Amino acid sequence: MKGSLMAKIVKPTPYDLYINIEGLRRLWPNNPIIPADLVVCCGFQAIELTWRLIDSAHEDRRPEADIPQRLERYVDLITSSLRTVAQSIDAESYPVEILDNAAPRAKSPGFALVPLLSDRLARRITETYFSEFGHLPYDIGIGPQMSQMAQFIGSSGTSTAQPRPSLPYEDIVSPHDVYAIHRPEKNSPEDHLFAGAHQIVECWLRLVHHFLDESHSLAVEKDWDAASEMVRHAWSALDMATEASQLLDLMNLADYHPLRVRLRDGSGAQSIAARTVRSKARMAINPLLEELRGKGTSIIELLENPTRFSGQFKYLQRISRFGKKAQEFLFKHYLLALGVIGHRGHGSLGYEVNEMASRAASPVFPEIDQAHYDFAIITNLEHGASAGEIISRRERERGICVAPETTPCDLLNTSERALESVYEYFRFVSEGNAAAWVELFDPVEGRISDAGSRPFIGRARLMVFIESFLADFPDVQAAVEKFEIKQNSLSVKWVYRITAYNGLRLTAQGVENFTFSERGKILTATSIWDPKDLAGQLRAGLSPCTADG
């Protein structure tokens, strides 16, 4: 049964009208008995639409269109599409007992164009088709046609020895309807590429939504391995949508811009499928967050214990990668727009191009992003004593000295000036005044380190240290409790009362040993404290995961 609930939208957007999205949706199976029907349908429809672009390219006589480059990219997309569809189905997707051995094989209008390609490009397609689908116990439905194409171009080893039951390719894919779905605009040479690329994207986005729905259902049942596999298929389909969208960089701007003006109020940003990928992904992650919340567990615990939480960890990794793919999809659209209307340009819906980059930079799963940050801060503290140890050891092995010995001044006669610098040291930390804090150090030899860790040397590196510290701990109230002055050094016992980046209230304490130059600048500041204690406070304050709709 063809059709879709989405096809019942009363008022289509200008974008929907332009690419005839309703015509496409009517060809998509709604709740098919065999789930693989949707994969074969949308995947091969995307391929047929790409063949239609090849057909259009062969009719294009513009020298500036760079037809060889277009054909290369179209064939790249077809071979990638074949592999993606093949990886999304398997031998069990279609029980052979329900297939008709005597079913007539279909004739694809797209694959019929194989002879129009160079032998090299044609072989790429036929060999990819048979390598990806030739091992299945059933035929996709165009096997005989593909064998004929392979024989025509002299490609060998591309047909199976035994006849196989066949899918009803015509019924599933509706290739002739798909091939004729777009009516090209007159006097717009780039119209077919612009509309066709978006139609191909929509086919793949339909599969992205399908696989995310499946992953959600399986995650609700706590079948984490199967749910993870569905997420993998979802990101593969999204990769294809991204690759298809990038065909638009083939357009000649002198021919595209007049079309863009004529299409005012129609924008790919109106794509319902593209706009709702993030919300669908949010739905897919909620069962995992609910599971963790119910067990009083955090994402960090999964990251630290991948073996103990193997199923949930795998799902977390897969859904996290999908989030990155969704950001990549948006960012590549931003780069595409950048090459068309520039970074100051506005799309037809009024959005600045730069806003696309901002949306792409926004994580799909803020709780995973936050957990990664928390995990990094905690491990920075837990392993602080060995920070930079590998690099320092390699330098020593090569005889490289990056932290030469310093010559501190005698403090017995300059203790007042040293004490003033130390008070300012802690005051500037409390005030968050990084620039003033760095100025307290000797510009060349000034350094800071935890005992045993690789030091930050020189004002540029000291600025890196203090800015990172203040970003992680933006509110620090420093208290100095005890001084001890020796001939060449000054020791201070300190207490930090901290409000961390996540609002947690923490306490740290330790001793800071200082030495000074003859000019009264800090040569060395060495902290003796237990960063693991601060890490433990951070860890204890983290809440279990929460899920939202």
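Our structure is the block above this text.
**Student:** Help me understand the overall build of the protein in this model?
**Tutor:** Broken down by element type, the protein carries 22 helices and six strands. Since a compact globule built from 549 residues should have a radius of gyration of about 24 Å, the 31 Å found for the protein marks it as more spread out than a globular shape. For the protein, the spread of C-alpha atoms along the principal axes amounts to about 100 × 55 × 55 Å. Sorting the 549 residues of the protein into buried and exposed places 50% on the buried side. Within the protein, residue pairs in contact and separated by at least 24 positions form 74% of the contacts whose partners lie at least 6 positions apart.

**Student:** Could you clarify how one ought to interpret the environment of proline 175 in this entry?
**Tutor:** Note that proline 175 resides in helix α8 (residues 175-179). Note on proline 175: relative accessible area 0%, which makes it buried. On a C-alpha basis, the gap between proline 175 and glycine 110 in space is 7.9 Å, while along the polypeptide they are 65 residues apart. Apart from residues lying up to four places away in sequence, proline 175 is in contact with Glu48, Pro109, Tyr169 and Glu170.

**Student:** What am I meant to see in the environment of valine 340 here?
**Tutor:** Position of valine 340 among the secondary structure elements: in helix α15 (residues 310-341). Note on valine 340: relative accessible area 23%, which makes it partly exposed. Once residues within four sequence positions are removed from consideration, valine 340 is found in contact with Leu253, Tyr256 and His257.

**Student:** When you look at the sheet that holds strand β3 (residues 475-485) in this model, what are you seeing that I'm missing?
**Tutor:** In a beta sheet, neighbouring strands pair by backbone hydrogen bonds and run either parallel or antiparallel. Pairing is mixed across the open sheet formed by six strands, whose spatial order is β2-β1-β6-β5-β4-β3. Lying at the two open borders of the sheet, with one neighbouring strand each, are β2 (456-457) and β3. Across 10 bridges, strand β4 (residues 490-499) lies against strand β5 (residues 505-516) in antiparallel orientation. Directly across from serine 491, in β5, lies its bridge partner asparagine 513.

**Student:** Can you help me understand the packing of aromatic side chains in this one?
**Tutor:** A full pass over the atoms with the stated rule returns 28 aromatic pairs. Between phenylalanine 331 and tyrosine 334, the aromatic rings sit 5.4 Å apart at their centres with planes inclined by 40 degrees, giving tilted as the arrangement. Note that phenylalanine 331 and tyrosine 334 are positioned in helix α15 at a spacing of three residues, about one turn of the helix. On the numbers, 5.4 Å between centres and 55 degrees between planes, the contact of phenylalanine 469 with phenylalanine 473 is tilted.

**Student:** Can you walk me through the pattern of salt bridges in this structure?
**Tutor:** When the charged atoms of two side chains lie near each other, side chains of opposite charge can form a pair. According to the stated counting rule, one finds 27 salt bridges in the structure shown. The closest approach of N and O atoms between aspartate 239 and lysine 325, which form a salt bridge, is 3.2 Å. With a gap of 86 residues between them, aspartate 239 in helix α10 (residues 224-245) and lysine 325 in helix α15 connect regions that are remote in the sequence. Aspartate 239 gets classed as partly exposed once you look at its relative accessible area, which sits at 26%. One continuous salt-bridge network, built from bridges that share partners, spans Asp60, Arg62, Arg70, Glu190 and Asp255.

**Student:** I'm lost on the pairing of strand β6 (residues 522-529) in this one. Help?
**Tutor:** Looking down a regular strand, the side chains alternate between one sheet face and the other. Taken together, the four bridges between strand β1 (residues 447-450) and β6 define a ladder with parallel strand orientation. Paired with serine 449 across the two strands is threonine 526, which belongs to β6. Examined bridge by bridge, β5 and β6 share seven bridges and lie antiparallel to one another. Counterpart to phenylalanine 516 in the pairing with β6 is isoleucine 522.

**Student:** Teacher, can you tell me more about helix α13 (residues 277-294) here?
**Tutor:** Along an α-helix, residues three or four positions apart point the same way, because every turn accommodates 3.6 residues. Compared with an ideal rise of 1.5 Å per residue, which puts 18 residues at 26 Å, α13 spans 27 Å between its outermost C-alpha atoms and is within 8% of the ideal. Along its length, α13 reaches its greatest deviation from straightness, about 35 degrees, at isoleucine 285, and the proline proline 287 lies no more than four positions downstream. For α13, every residue scored as buried is listed here: Val277, Lys280, Ala281, Arg282, Ala284, Ile285, Asn286, Pro287, Leu288, Leu289, Glu291 and Leu292. Buried residues belonging to α13 abut α9 (191-220), α10, α12 (272-275), α14 (299-304), α15 and α17 (366-382). Residue glycine 296 follows α13 closely and has a positive phi angle near 65 degrees.

**Student:** Would you mind showing me how to read the state of the cysteines here?
**Tutor:** Put plainly, two cysteines are in a disulfide when a covalent bond ties their sulfur atoms together. Counting across every chain of the model gives zero disulfides. Cysteine 41 provides the cysteine sulfur closest to cysteine 42, a residue in no disulfide bond, and the two sulfurs are 4.6 Å apart.

**Student:** Quick question: what am I supposed to make of a nonpolar patch on the surface here?
**Tutor:** A grouping of Phe331, Leu335 and Leu338 is seen on the molecular surface, where their side chains present a nonpolar patch of about 240 Å² in accessible area. Looking at where leucine 338 falls in the secondary structure, it is placed in helix α15.

**Student:** How do you make sense of unusual backbone geometry when you look at a structure like this?
**Tutor:** Both trends apply: most residues other than glycine have a negative phi, and most peptide bonds are in trans. With phi around 60 degrees, asparagine 20 is a residue other than glycine that occupies positive phi space. Here asparagine 20 lies in the loop between α1 (14-19) and α2 (21-26). Phi angles above zero are rare outside glycine, and serine 174 is one such case at about 50 degrees. Mapping serine 174 onto the fold places it in the loop between α7 (169-173) and α8. Here serine 174 falls in the buried class, since its relative accessible area comes to 9%.

**Student:** Even after reading the chapter, I still don't get the layout of surface pockets, so can you show me in this structure?
**Tutor:** By rolling a water-sized probe across the atoms, one finds the places where empty space is left. Roughly 780 Å³ of volume is contained in the second largest pocket. Taken together, the elements giving at least two residues each to the lining of the second largest pocket come down to α17, α19 (415-431), β1, α21 (459-472), β4, β5, β6 and α22 (531-541). Among the elements that make up the lining of the second largest pocket, the one with the highest residue count is α21 (six residues). Of the residues belonging to the lining of the second largest pocket, the class tally is 20 nonpolar, nine polar and five charged.

**Student:** Help me understand the nonpolar core in this model?
**Tutor:** It is characteristic of soluble globular proteins that their nonpolar side chains tend to be buried jointly. Phe44, Trp51, Phe322 and Tyr425 are the most contacted members of the largest nonpolar core, which totals 158 residues. Ala337, Val353, Met356 and Ala357 belong to the second largest nonpolar core, which has five residues in total.

**Student:** Quick question: what am I supposed to make of the packing of α13 against α15 here?
**Tutor:** Across the interface, α13 lies against α15 with an axial gap of 11 Å and an inter-helix angle of 160 degrees. Between α13 and α15, the crossing angle belongs to the class labelled roughly antiparallel. Helix-helix and strand crossings are classified by hand; for α13 and α15 the assignment is left-handed. From α13, Val277, Arg278, Ala281, Ala284, Ile285, Leu288 and Glu291 reach across to α15, where they touch Gln312, Tyr315, Leu316, Ile319, Phe322, Ala326, Gln327 and Leu330.

**Student:** In this structure, what is going on with the pairing of β1? I would like to understand it.
**Tutor:** As judged from the two bridges shared by β1 and β2, these two strands associate in the antiparallel manner. Directly across from arginine 447, in β2, lies its bridge partner isoleucine 457. The hairpin turn running from β1 into β2, its antiparallel successor, is five residues long, and glycine 452 in that turn takes a positive phi close to 95 degrees.

About the criteria used
- Residues numbered from 1 in each chain as written.
- Predicted model: local features only at pLDDT ≥ 70, side-chain atom pairs only at ≥ 80, totals over all residues.
- Heavy atoms only, no water.
- Helix = DSSP H or I, 4+ residues; strand = E, 2+ residues; numbered from the N terminus.
- Rg over C-alpha atoms; globule rule 2.2 N^0.38 Å.
- Buried < 20%, exposed > 50% of the residue type's maximum accessible area, 1.4 Å probe, protein only.
- Contact = heavy atoms within 4.5 Å.
- Pairing = 2+ DSSP bridges.
- Phe/Tyr/Trp six-rings, centres within 6.5 Å; stacked < 30°, edge-to-face > 60°.
- Salt bridge = Lys/Arg side-chain N within 4 Å of Asp/Glu carboxyl O.
- Expected span 1.5 Å × (residues − 1).
- Bend = angle between axes of the 7 residues up to and from the residue.
- Disulfide = S-S within 2.5 Å.
- Patch = residues over 30% accessible without salt bridge, like charges linked within 9 Å, V, L, I, M, F, W, Y side chains within 5 Å.
- Areas by Shrake-Rupley, 256 points an atom, 1.4 Å probe, with all protein chains shown as cover.
- 1 Å grid on protein atoms, 1.4 Å probe; cavity = no way out; pocket = protein on both sides within 12 Å on 5 of 7 lines; lining within 4 Å.
- Points joined across faces, edges and corners; volume = space filled by probe spheres on them.
- Nonpolar A, V, L, I, M, F, W, Y, C, P; charged D, E, K, R; others polar.
- Core = buried A, V, L, I, M, F, W, Y, C linked by side-chain atoms within 4.5 Å.
- Axes fitted to C-alpha atoms, helices over the stretch in contact; angles between N-to-C directions.
- Parallel < 35°, antiparallel > 145°, perpendicular 65-115°, else oblique.
- Left-handed = near helix turned anticlockwise from the far one by under 90°.

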